[in-house]
Amino acid sequence: MSVQTVIKKTEDKFVNGVNVEEVVNAVNAFTENPDLANFKFRLSNKWINGGHNHSTVGNFFGVNQENSHLKPLEMDADEPPILAGEDKGANPVEHLLNALAACVTTTMVYHAAVRGIKIEELESELEGDIDLRGFLGISDDVRRGYQNIRVNFKVKTDAENIERLKAISKLSPVLDVTSKGTNVDVHIERK
């Protein structure tokens, strides 16, 4: 079922802090002109030292044009001391948990808003199981990434909304990437 067929008429312009009218306008534009929905998000990363590296997000392509964030967004990654790092940022697999939490949260909030579902509070806890023997090359029989991730949400909303929120949470792009996999091409060239 498409978003257009489930959008409730609402008197509120903002639901869950989301400008419903802007979301509906975007959905209508993407429906009328599917090329507008093709986005390319980018990130630049530079190694600093040891496990520490720094990423910057600045521009992206969408609605047939280049766009910029209001300001460059920056984040650091490192490893904790127990993994020979200096703890200058979350480690990469923790960043993945953050991306998953943020995306499922945003997905639920936006889709709930256009459906007229009010959310008073929403929080989550994520936990992933990873066996570092795969990453370290100790065993070819051990997967290098997470074997399992658990996402637990607590939401303050009307009881009848819980099943609807479970269904719309599955629309998350990062949930799709982490649960179904995505082709990733890695190119390495000499500088």
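Further remarks concern the overall build of the chain. The number of helices and strands found in the chain is six helices and eight strands. Along the three orthogonal principal directions, the C-alpha set of the chain runs to about 55 × 40 × 30 Å. Here the contacts in the chain between residues at least 6 apart in sequence split such that 49% fall between residues at least 24 apart. Summed over its atoms, the accessible surface of the chain is roughly 13,900 Å², and 52% of this surface lies on carbon and sulfur atoms.

As a further point, take helix α3 (residues 92-114). Across its 23 residues, α3 extends 33 Å between first and last C-alpha, which sits within 8% of the 33 Å expected from 1.5 Å per residue. Burial in α3 covers these residues: Leu97, Leu100, Ala101, Cys103, Val104, Thr107, Met108, Val109, His111, Ala112, Ala113 and Val114. With its phi angle positive at about 75 degrees, Gly116 sits one or two positions after the end of α3.

Moving on, we get to the packing of α3 against helix α5 (residues 162-169). Contact geometry of α3 with α5 gives a least axis separation of 9 Å together with a crossing angle of 120 degrees. It follows that α3 is oblique to α5 by the angle criterion. Handedness of the crossing formed by α3 with α5: right-handed. When α3 is examined against α5, the residues Val104, Thr107, Met108, His111 and Ala112 are found in contact with a partner set consisting of Leu165, Ile168 and Ser169. Along the lines of polarity and charge, the residues of the contact of α3 with α5 split into five nonpolar, three polar and no charged.

Within the secondary structure, Leu165 is located in helix α5. What Leu165 contacts, discounting residues up to four positions off in sequence, is Met108, Ala112, Ile117, Ile119, Val155 and Thr157.

It is the contact of helix α2 (residues 20-32) with α3, at a shortest axis distance of 9 Å, that shows an interaxial angle of 95 degrees. Judged by the inter-axis angle, α2 sits roughly perpendicular to α3. Between α2 and α3, the residues in contact are Val20, Val23 and Val24 and Tyr110, Ala113 and Val114, respectively. For the contact of α2 with α3, the class distribution of residues is six nonpolar, no polar and no charged.

Computed from the structure, the largest pocket encloses a volume of approximately 2,000 Å³. Phe41, Cys103, Thr106, Pro173 and Val174 are the residues nearest the centre of the largest pocket, which is lined by 42 residues in total. Secondary structure elements with two or more residues in the lining of the largest pocket: β2 (18-19), α2, β5 (52-62), β6 (65-77), α3 and α6 (173-180). Ranked by residues supplied to the lining of the largest pocket, first place goes to α3 with twelve residues. As a volume, the second largest pocket reaches approximately 720 Å³. No other element matches α6, which puts five residues into the lining of the second largest pocket. Looking at the lining of the second largest pocket residue by residue, the classes come out as 14 nonpolar, seven polar and four charged.

Conventions used here
- Residues numbered from 1 in each chain as written.
- Predicted model: local features only at pLDDT ≥ 70, side-chain atom pairs only at ≥ 80, totals over all residues.
- Heavy atoms only, no water.
- Helix = DSSP H or I, 4+ residues; strand = E, 2+ residues; numbered from the N terminus.
- Contact = heavy atoms within 4.5 Å.
- Areas by Shrake-Rupley, 256 points an atom, 1.4 Å probe, with all protein chains shown as cover.
- Expected span 1.5 Å × (residues − 1).
- Buried < 20%, exposed > 50% of the residue type's maximum accessible area, 1.4 Å probe, protein only.
- Axes fitted to C-alpha atoms, helices over the stretch in contact; angles between N-to-C directions.
- Parallel < 35°, antiparallel > 145°, perpendicular 65-115°, else oblique.
- Left-handed = near helix turned anticlockwise from the far one by under 90°.
- Nonpolar A, V, L, I, M, F, W, Y, C, P; charged D, E, K, R; others polar.
- 1 Å grid on protein atoms, 1.4 Å probe; cavity = no way out; pocket = protein on both sides within 12 Å on 5 of 7 lines; lining within 4 Å.
- Points joined across faces, edges and corners; volume = space filled by probe spheres on them.

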